[in-house]
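# Coordinate inspection notes
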Amino acid sequence: MNFDLTDNQKLVRDMVRDFAEKELKEKAVEIDKTQEFPWDILKKMAELGLLGIVVPEEYGGAGMDFISLAIAVEEISRACASTGVIVAVNNSLTAYPIEHWGNEDQKKKYLPLLCKGEKIGAFGLTEPNAGSDAGSIESTARLEGDYYILNGTKRFITNGGEAGIFVVFALTNKELKHKGISAFIVEDGSEGFSKGKHEELMGIRATANCELIFEDCKVPKENLLGEEGMGFKIALGTIDVSRIDIGAQAVGISQGALEEAIKYSKERKQFGKPICEFEFIQGMIADMATKINAARLLVLRAAYIKDKGEKRFSLESAMAKWYASEVAVDVTRQSCQVHGGYGYTKDYPVERMFRDSKIMELYEGTSEIQKIVIARSLLR
Ligand code: CAA
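Basis of the calculations
- Residues numbered from 1 in each chain as written.
- Predicted model: local features only at pLDDT ≥ 70, side-chain atom pairs only at ≥ 80, totals over all residues.
- Heavy atoms only, no water.
- Helix = DSSP H or I, 4+ residues; strand = E, 2+ residues; numbered from the N terminus.
- Buried < 20%, exposed > 50% of the residue type's maximum accessible area, 1.4 Å probe, protein only.
- Contact = heavy atoms within 4.5 Å.
- Polar contact = N/O pair within 3.5 Å; in protein donor to acceptor, adjacent residues only side chain to side chain.
- Pairing = 2+ DSSP bridges.
- Salt bridge = Lys/Arg side-chain N within 4 Å of Asp/Glu carboxyl O.
- Near = heavy atom within 4 Å.
- Areas by Shrake-Rupley, 256 points an atom, 1.4 Å probe, with all protein chains shown as cover.
- Nonpolar A, V, L, I, M, F, W, Y, C, P; charged D, E, K, R; others polar.
- Phe/Tyr/Trp six-rings, centres within 6.5 Å; stacked < 30°, edge-to-face > 60°.
- Lys NZ or Arg CZ within 6 Å of the ring centre and 35° of its normal.

## Details of the environment of Glu-127
Its place among the elements puts Glu-127 in the loop between strand S1 (121-124) and strand S2 (140-144). A relative accessible area of 5% means that Glu-127 is categorised as buried. Counting along the chain gives 187 residues from Glu-127 to Ser-314, while the straight-line C-alpha distance between them is 23 Å. Look past the residues within four positions of Glu-127 in its chain and what remains in contact with it is Ile-137, Glu-138, Ser-139, Thr-153, Lys-154, Arg-155 and Phe-169. Of note is the side chain of Glu-127, whose polar atom sits 2.8 Å from the side chain of Lys-154.

## A few points about the pairing of strand S3 (residues 147-157)
Judged from the 5 bridges that link them, S2 and S3 form a sheet pairing that is antiparallel. What sits directly across from Glu-144, in S3, is Tyr-147. Where S2 folds back onto S3 in an antiparallel hairpin, the turn is made up of 2 residues, including Gly-145, whose phi is positive at roughly 60 degrees.

## Things to note about the environment of Arg-312
Its place among the elements puts Arg-312 in the loop between helix H7 (279-307) and helix H8 (314-339). Arg-312 sits in the exposed class, given a relative accessible area of 57%. Sequence spacing of Arg-312 and Asp-240 is 72 residues, and the spatial spacing of their C-alpha atoms is 8.4 Å. Leaving out residues up to four positions away in the same chain, Arg-312 has contacts with Asp-240 and Arg-380.

## A look at the side chain of Ser-325
Relative to the assigned elements, Ser-325 resides in helix H8. Taking relative accessible area as the criterion, Ser-325 reaches 0% and is therefore assigned buried. Reaching out from Ser-325, the side chain makes a polar contact with the backbone oxygen of Met-360 at a distance of 2.9 Å. In this structure, Ser-325 is in contact with Ala-250, Met-360 and Glu-361, ignoring residues within four places of it in sequence.

## Observations regarding the pattern of salt bridges
Applying the stated criterion across every chain, the model contains 29 salt bridges. Between Glu-74 and Arg-296 there is a salt bridge; the shortest N-O distance is 2.9 Å. Of this pair, Glu-74 sits in helix H3 (residues 66-79) while Arg-296 sits in helix H7, and the two are 222 residues apart along the sequence. Per residue, the accessibility class of Glu-74 equals that of Arg-296, and both read buried. With its nearest N and O atoms 2.9 Å apart, the salt bridge here joins Asp-287 to Lys-291. You can see Asp-287 and its partner Lys-291 sitting in helix H7, 4 residues apart, about one turn around the helix. Judged by relative accessible area, which is 28%, Asp-287 ranks as partly exposed. Residues joined by salt bridges that share partners form a network here, namely Arg-17, Glu-21, Lys-25, Glu-75, Arg-78 and Glu-259.

## A word on the site of the ligand
Around the ligand, the structure places 25 residues, and the nearest of them are Ser-132, Thr-158, His-178, Asp-240 and Arg-376. Within the backbone of Glu-364, an N or O atom sits 2.8 Å from an oxygen atom of the ligand. For the ligand, the protein covers 76% of the area, taking 1100 Å² as the surface of the free molecule. Listed by contribution, the elements that provide at least two residues to the shell around the ligand are helix H4 (81-101), helix H6 (231-267) and helix H10 (367-379). Among the elements that take part in the shell around the ligand, H6 stands out by supplying 7 residues, more than any other. Here the residues of the shell around the ligand sort into 10 nonpolar, 8 polar and 7 charged.

## Considering the packing of aromatic side chains
Aromatic rings considered in pairs are described by the distance between their centres and by the relative angle of their planes. Applying the stated rule across the entire model yields 11 aromatic pairs. Ring centres of Phe-66 and Tyr-96 lie 5.9 Å apart, and the angle between their planes is 80 degrees; on these two criteria the pair is classed as edge-to-face. Remark: Tyr-96 occurs in helix H4 and Phe-66 occurs in helix H3; sequence separation between them is 30 residues. Grouping residues by exposure puts Phe-66 and Tyr-96 together as buried. Between Phe-123 and Phe-169, the ring centres sit 5.1 Å apart and the planes meet at 65 degrees, which makes this aromatic pair edge-to-face. One end of the pair, Phe-123, is in strand S1; the other, Phe-169, is in strand S4 (residues 165-171), and 46 residues separate them in sequence. Taken as a pair, Phe-123 and Phe-169 share a single burial class, namely buried. Every member of this aromatic cluster is reached through a ring pair, and the members are Phe-66, Tyr-96 and Trp-101. We note Arg-155 situated over the ring of Phe-156; from NZ or CZ to the ring centre the distance is 4.7 Å. Over the ring of Phe-278 we find Lys-273, and its NZ or CZ is 4.9 Å from the ring centre.

Okay, here's the thing in structure tokens:
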């Protein structure tokens, strides 16, 4: 068994860490306040190949592996969780399904735009009445001539307000329930497509989270992804990949919070000595560091299994996502605790990291959904 990263993976880690230190740490504070989508940063990331990490080079991507994608998302999220998920959604929830299930024309048309950051991607599955029960979506699509006509509303769509390319799920046959769901590539600006309520979130505040509204929206029939009725498998197969990246995002937030706790505990003096000399503080630091390492191993192992070409890795990605999410909430809470009252103020980044961490346990399937996926895989 070899735990070493390859030279290329180390290069990705060092390059993204350097970029995040220089460009993202300050920006994270600002965009948390303003909720501004970080287009300037994304353009720079596109130049570094970070918007299409696993997309083959022939479609404008960097042609790297899923371990590199996880490493990049971790390093970005260590500085800025909003940017971490924006990049994850572009890579694994939008480019990935187009690359994996799309035909040649779709790949040639949409992947270069996503990789170059000319358009950002989003994933339209969740609806007001269909969150955990993703198979119960109500949006519909009916074929009329050369177009599918989409109707319905999508809710809580990360990147939604700024994205230009959407992978959207709708029922082409209501009777068949989840087997009647199909996937479509929808462009912003399509007739009958508009953006609804912008969500003001507790954390990851710069992610342009909004509703998508389809009112007799015309989508060219060549934008059907895969075949009619394949949508639910495309959705869950995509989320399996993306859960690895959300695990990586959670590890990044946790690592950032641990580093802040270590730094503060060395600077802050109470009872005549730095607080890092107290065993309660040392205990928290040991606890945080060990849990983060365990979470990172689960994330990298899930990515490794995907890289090996395994068809189903739902078990490994759900374990990584679940454990890393819980660790992020726990570690950011402990980091606040190390900071004492200062950790509750906006003078220190742990206040934001604590808020950012909560979403980890909610999106891409709640922790409870991950446990269902894990248990079903083991009991099957
Ligand atoms: N890959 C491919 N196919 C899969 C699959 C997978 N991972 N998991 C299940 N399937 C197939 C099953 O084999 C089954 O196929 P058949 O009908 O042909 O037998 C079919 O899908 C239905 O499977 P289940 O009976 O297991 O489905 P279910 O209705 O019980 O739901 C679930 C399963 C795990 C609960 C699923 O609905 C789920 O994961 N829910 C959570 C939804 C979620 O994660 N949403 C995230 C939205 S995106 C997001 O959050 C992005 C963001 O903001 C950043």
